[in-house]
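One letter stands for each residue in the lines below.
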Amino acid sequence: MNIKIRTSGEIRIIDFNGSLESGTSSEAESAVSELIEAGHSKLVINLADTDYVSSSGLRVFLITAKKIAAVKGKLRIC
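## With respect to the packing of helix α1 (residues 25-37) against helix α2 (residues 55-70)
Turning to step 1, where the next piece is worked out: Here α1 crosses α2 at 15 degrees, and the two axes come no closer than 9 Å. Considering their axes alone, α1 and α2 lie roughly parallel with respect to each other. Crossing handedness for the pair α1 and α2: right-handed. Residues Ser 25, Ala 28, Glu 29, Val 32, Ser 33 and Ile 36 of α1 lie in contact with α2, whose contacting residues are Ser 56, Gly 57, Arg 59, Val 60, Ile 63, Thr 64, Lys 67 and Ile 68.
Turning to step 2, where the next piece is worked out: Residue composition of the contact of α1 with α2, grouped by class: six nonpolar, five polar and three charged.

Encoded structure:
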C-alpha cells in the first residue's frame, strides 16, 4: 500500500493505492490519526486506486469517522 496526502484549501486528501487489509491497515490508521491530531478536521479518503478493502480496512474508516465526529469535522470517502 502506498499512501499519499494532498492538500486542497483546508481539506486533506488521503490517496490509498493498493490493498487496505490487515497488513496495511495500521499504517493507514496512523497516517489518518496523525492528520487529525495535527488539527486537520476536513478529510477526504480517496479509494480510486485501492483494489481491495478488508474488514480491517473498514475498521480504519470507522475509527476515523469517530475521531472526526469528536472534533466536529467532516469526512468523505470516495
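## With respect to the pairing of strand β3 (residues 42-53)
Turning to step 1, where the next piece is worked out: Across eight bridges, strand β2 (residues 11-20) lies against β3 in parallel orientation. Directly across from Arg 12, in β3, lies its bridge partner Leu 43.
Turning to step 2, where the next piece is worked out: In terms of handedness, the path from β2 via α1 over to β3 forms a crossover that is right-handed.
Turning to step 3, where the next piece is worked out: Where β3 and strand β4 (residues 74-77) come together, four bridges link them in parallel fashion. Counterpart to Ile 45 in the pairing with β4 is Ile 77.
Turning to step 4, where the next piece is worked out: Taking the sense of rotation as the criterion, the β-α-β connection linking β3, α2 and β4 turns out right-handed.

## Side note on the side chain of Asn 46
Turning to step 1, where the next piece is worked out: Mapped onto the fold, Asn 46 is located in strand β3.
Turning to step 2, where the next piece is worked out: In terms of polar contacts, Asn 46 uses its side chain to reach the backbone amide nitrogen of Ala 48, at 3.0 Å.
Turning to step 3, where the next piece is worked out: Setting aside its immediate chain neighbours within four residues, Asn 46 contacts Arg 6, Ile 13, Ile 14, Asp 15, Phe 16 and Cys 78.

## Thoughts on the sheet that holds β4
Turning to step 1, where the next piece is worked out: On the basis of which strands lie adjacent, the open sheet formed by four strands has the order β1-β2-β3-β4 and mixed pairing. On the outer flanks of this sheet lie β1 (2-8) and β4, each paired with one strand and no other. Across this sheet, the average inter-strand angle for adjacent strands is 20 degrees, counted without regard to direction.
Turning to step 2, where the next piece is worked out: Bridge count for β1 against β2 is seven bridges, and the pairing is antiparallel. Residue pairing for β2: Ile 5 is matched across the bridge by Ile 14.
Turning to step 3, where the next piece is worked out: The sheet strands contacting α1 are β1, β2 and β3, and the helix crosses β2 at an angle near 175 degrees.
Turning to step 4, where the next piece is worked out: Sheet contacts for α2: β2, β3 and β4; angle to β3, the most-contacted strand, approximately 175 degrees.

What counts and what doesn't
Residues numbered from 1 in each chain as written. Predicted model: local features only at pLDDT ≥ 70, side-chain atom pairs only at ≥ 80, totals over all residues. Heavy atoms only, no water. Axes fitted to C-alpha atoms, helices over the stretch in contact; angles between N-to-C directions. Helix = DSSP H or I, 4+ residues; strand = E, 2+ residues; numbered from the N terminus. Parallel < 35°, antiparallel > 145°, perpendicular 65-115°, else oblique. Left-handed = near helix turned anticlockwise from the far one by under 90°. Contact = heavy atoms within 4.5 Å. Nonpolar A, V, L, I, M, F, W, Y, C, P; charged D, E, K, R; others polar. Pairing = 2+ DSSP bridges. Right-handed = clockwise from strand over helix to strand, strands pointing away. Polar contact = N/O pair within 3.5 Å; in protein donor to acceptor, adjacent residues only side chain to side chain.

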